[in-house]
Amino acid sequence: MDGAIQPEGVATPPFPFSPVVASGDLVWTAGQVGTDTSGALVEGGAGAQTRQALENVRLCLEAAGCGLDDVVKVNAYLADMDDFDAYNAAYQDLFTTPYPARTTVGATLAPGLLVEIEVVARRR
């Protein structure tokens, strides 16, 4: 399936963008954040938000016919780089070697958001 996809289990964005888009063997996710299926932000800090954001990424990829093992590039944005260790620990729980290429930068995020993660994957 090619084109924009609204994955089951991922809150519908309140803004004009698609959570995931597939074209040929490539899949891009929009920045996923630590919100649950209702759109509410999870509690528990950067580690919990990272886990939820990556769960949302996983659901996006699954809807496009691939998974976390197919990710080739991760871009992550942290509201506070002091949260890097919590983010990195949660990241390591969900990705395995060989790890995808990754960029992690500090950024101004919407109020309450500590982490935003987007990925590019290749469908097999």
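This section reports on the structure supplied with the text. (Residues numbered from 1 in each chain as written. Predicted model: local features only at pLDDT ≥ 70, side-chain atom pairs only at ≥ 80, totals over all residues. Heavy atoms only, no water.)

**A short note on the nonpolar core**
For soluble globular proteins, the rule of thumb is that nonpolar side chains tend to be buried together. Ranked by size, the top nonpolar core spans 26 residues in total, and within it V27, L61, V71 and I117 carry the most contacts. Within the residue set of this core, elements represented by two or more residues are β2 (20–23), α1 (45–63), β5 (71–78), α2 (84–94) and β7 (115–122). Among the elements that make up this core, the one with the highest residue count is α1 (seven residues). Other than its neighbours up to four places away in sequence, L61 contacts V27, T29, C66, G67, L68, V71, V119 and A121. (Core = buried A, V, L, I, M, F, W, Y, C linked by side-chain atoms within 4.5 Å. Buried < 20%, exposed > 50% of the residue type's maximum accessible area, 1.4 Å probe, protein only. Helix = DSSP H or I, 4+ residues; strand = E, 2+ residues; numbered from the N terminus. Contact = heavy atoms within 4.5 Å.)

**Here we look at the pairing of β2**
Residues V20 and A22 line the buried face of β2, whereas the alternating positions V21 and S23 sit on a face that is not buried. Two elements, strand β1 (residues 3–5) and β2, share three bridges in a ladder whose sense is antiparallel. Each bridged residue has a counterpart across the sheet, and for A4 the counterpart in β2 is V21. Two strands pair when backbone bridges link them, and β2 and strand β3 (residues 26–29) are joined in this way by four bridges, in the antiparallel orientation. Residue pairing across strands places V21 opposite W28, the latter belonging to β3. (Pairing = 2+ DSSP bridges.)

**Digging into the pairing of β3**
Of the two faces of β3, the one lined by V27 and T29 is fully buried and the one lined by L26 and W28 carries no buried residue. Taking the residues that link successive antiparallel strands as the turn, the β2-β3 hairpin has two residues, and the phi of G24 there is positive, at about 60°. Where β3 meets β7, three bridges bridge the pair, whose relative direction is antiparallel. Looking across to β7, one finds that V27 is bridged to A121.

Any link to function would need more than the numbers given here.
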